[in-house]
Amino acid sequence: MSIITGSAAGSFSSGNTGGEEVQQQQQQELLNHANFHGSNSFLSTTPPNINSNGTQPKQPPQPKRKRNLPGTPDPSAEVVALSPKTLMATNRFVCEICKKGFQRDQNLQLHRRGHNLPWKLKQRTSTEIIKRVYVCPEPSCVHHDPSRALGDLTGIKKHFCRKHGEKKWKCDKCSKKYAVQSDWKAHSKTCGTREYKCDCGTIFSRRDSFITHRAFCDAIAEENTQQTKEC
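Reading the values: the criteria
- Counting of residues starts from 1 at the beginning of each chain's written sequence and follows it residue by residue.
- Restriction of local features to residues with pLDDT of at least 70 applies here, the model being predicted, together with a cutoff of 80 or more for giving and counting side-chain atom pairs; totals for whole chains, interfaces and linings are based on all residues.
- By convention in this description, side-chain values take in all heavy atoms of the structure and omit both hydrogens and water.
- The helix and strand labels rest on DSSP assignments: H or I over at least four residues marks a helix, E over at least two residues marks a strand, and numbering proceeds from the N terminus.
- Relative accessible area decides the class of each residue, using a 1.4 Å probe on protein chains only: under 20% of the type maximum gives buried, over 50% gives exposed, and in between gives partly exposed.
- The criterion used for residue contact is that any of the two residues' heavy atoms lie within 4.5 Å.
- Surface accessibility follows the Shrake-Rupley procedure with a 1.4 Å probe radius. Residue values consider only the protein chains on display as shielding.
- UniProt positions are given in the numbering used here, feature names are shortened, and annotations may be inferred rather than shown by experiment.
- Paired rings are identified among Phe, Tyr and Trp, the last through its six-membered ring, by centres lying within 6.5 Å, and are further divided according to the angle between planes into stacked (under 30 degrees), edge-to-face (over 60) and tilted (the rest).
- In what follows, salt bridge is the name for a side-chain nitrogen of Lys or Arg lying within 4 Å of a carboxyl oxygen of Asp or Glu.
- Each nonpolar core is a collection of buried residues, namely Ala, Val, Leu, Ile, Met, Phe, Trp, Tyr and Cys, held together in the definition by side-chain atoms within 4.5 Å.
- The pLDDT value expresses, per residue, how confident the predictor is, ranging between 0 and 100.

1. Quick look at the overall build of the protein
For step 1, the next point in the chain: Summing up its helical and strand segments, the protein has six helices and ten strands in all.
For step 2, the next point in the chain: Evaluated residue by residue, the protein yields a buried proportion of 16% over its 231 residues.
For step 3, the next point in the chain: Summarising the internal contacts of the protein: among those between residues at least 6 apart in sequence, 26% fall at separations of at least 24.
For step 4, the next point in the chain: Of the roughly 19100 Å² of accessible surface on the protein, 53% is carried by carbon and sulfur atoms.

2. Observations concerning the UniProt feature "domain: C2H2-type" (unreviewed entry) in the protein
For step 1, the next point in the chain: Feature annotation in UniProt assigns "domain: C2H2-type" (unreviewed entry) to the following positions: residues 93–115.
For step 2, the next point in the chain: Counted over residues 93–115, helix gives 35% and strand 17%. Its end C-alpha atoms are 16 Å apart.

3. Observations regarding the packing of aromatic side chains
For step 1, the next point in the chain: On inspection of all chains with the given rule, the structure shows two aromatic pairs.
For step 2, the next point in the chain: When the ring of tyrosine 196 is compared with that of phenylalanine 210, the centres are 5.8 Å apart and the planes differ by 25 degrees; the resulting orientation is stacked. In this pair, tyrosine 196 is assigned in strand β9 (residues 196–197) and phenylalanine 210 in helix α6 (residues 207–230), connecting sequence segments 14 residues apart.
For step 3, the next point in the chain: By relative accessible area, tyrosine 196 is classed as partly exposed at 23%.
For step 4, the next point in the chain: Note on phenylalanine 210: relative accessible area 15%, which makes it buried.

4. A short note on the pattern of salt bridges
For step 1, the next point in the chain: For the coordinates displayed, the defined rule picks out five salt bridges.
For step 2, the next point in the chain: Between glutamate 96 and arginine 112 there is a salt bridge; the shortest N-O distance is 2.6 Å. Here glutamate 96, found in the loop between β4 (93–94) and β5 (101–102), pairs with arginine 112, found in helix α3 (residues 105–112); they are 16 residues apart in sequence, far enough to count as distant.
For step 3, the next point in the chain: Given a relative accessible area of 41%, glutamate 96 falls into the partly exposed group.

5. Considerations on the nonpolar core
For step 1, the next point in the chain: Membership of the largest hydrophobic core is limited to eight residues, which are Val80, Leu87, Tyr134, Cys136, Cys141, Leu150, Ile156 and Phe160.
For step 2, the next point in the chain: Once residues lying within four places of it in the same chain are set aside, the contact partners of phenylalanine 160 are Pro84, Leu87, Met88, Cys136, Pro137, Glu138 and Gly165.

6. As for the environment of cysteine 98
For step 1, the next point in the chain: Tracing the chain through its elements places cysteine 98 in the loop between β4 and β5.
For step 2, the next point in the chain: Accessibility expressed as a relative area gives 38% for cysteine 98, which makes it partly exposed.
For step 3, the next point in the chain: Separated by 14 residues in the primary sequence, cysteine 98 and arginine 112 have C-alpha atoms spaced 9.9 Å apart.
For step 4, the next point in the chain: Apart from residues lying up to four places away in sequence, cysteine 98 is in contact with His111 and His115.

7. Quick look at the confidence of the model for the protein
Any region with low pLDDT has predicted coordinates that should not be read closely.
For step 1, the next point in the chain: Looking at the protein as a whole, the pLDDT averages 75, with 70% of positions reaching at least 70.
For step 2, the next point in the chain: Highest mean pLDDT in the protein belongs to strand β8 (residues 177–178) (92); lowest belongs to strand β1 (residues 4–6) (41).
For step 3, the next point in the chain: Here residues 1–17 is modelled with pLDDT under 50, and outside its nearest four sequence neighbours on either side it reaches ten contacts, counting other chains as well.
For step 4, the next point in the chain: With pLDDT under 50 throughout, residues 39–44 is counted as low confidence; its partners more than four residues away or in other chains account for zero contacts.

8. As for unusual backbone geometry
For step 1, the next point in the chain: Backbone geometry at asparagine 116 places phi at a positive 55 degrees, although glycine is not the residue there.
For step 2, the next point in the chain: With respect to the helices, strands and loops of the structure, asparagine 116 is situated in the loop between α3 and β6 (132–135).
For step 3, the next point in the chain: Positive phi outside glycine occurs at serine 175, with the angle close to 65 degrees.
For step 4, the next point in the chain: Here serine 175 lies in the loop between β7 (169–170) and β8.
For step 5, the next point in the chain: When its relative accessible area of 42% is taken as the criterion, serine 175 is described as partly exposed.

Quick look at the structure:
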């Protein structure tokens, strides 16, 4: 026996018919739910090279080309051996008018133009760049060996001064001496402005020197402590 109900609007539905309508409605909701999630999954898919925020991921940086370490020259480079006098000469090329000296002939030739003298710059005969390396003039130095030559003239000059030259530049604050003027100037700018004091009382202006000394000091202190315990 079916029960018939009526609403104020005058519509009627049987009990059996209502059950079928509810089942159909549930099936329709499930279908809509599946379609909704299916469309979202389709929209959320992105190409493999695009992030979720729409930007491309950063490519990993290419490895930089490593330069040869000091003392490991190119085997195909031309080896140049200069005497200490020639290497340290500051006025190798002198103007015959004003007696001003220059380290390079090219600079002298450009200077000669100011005196209205004939001048000529050397032109390269080929487009190939000739690589040159320089050996230290000191026979006992490791860089005197052509296989340990340095790659530029300025570098070999500073090396020769620092390792084998006279330290004629003296700091007025700490009396430390330098053989290269640029080293002395760099030291003078920071000398006394930063101090690193060890427990033993030694003061350093450079942090790396302080760390090296402190490690040595700590090792000695630890050894003394162990000896004291054994006694």
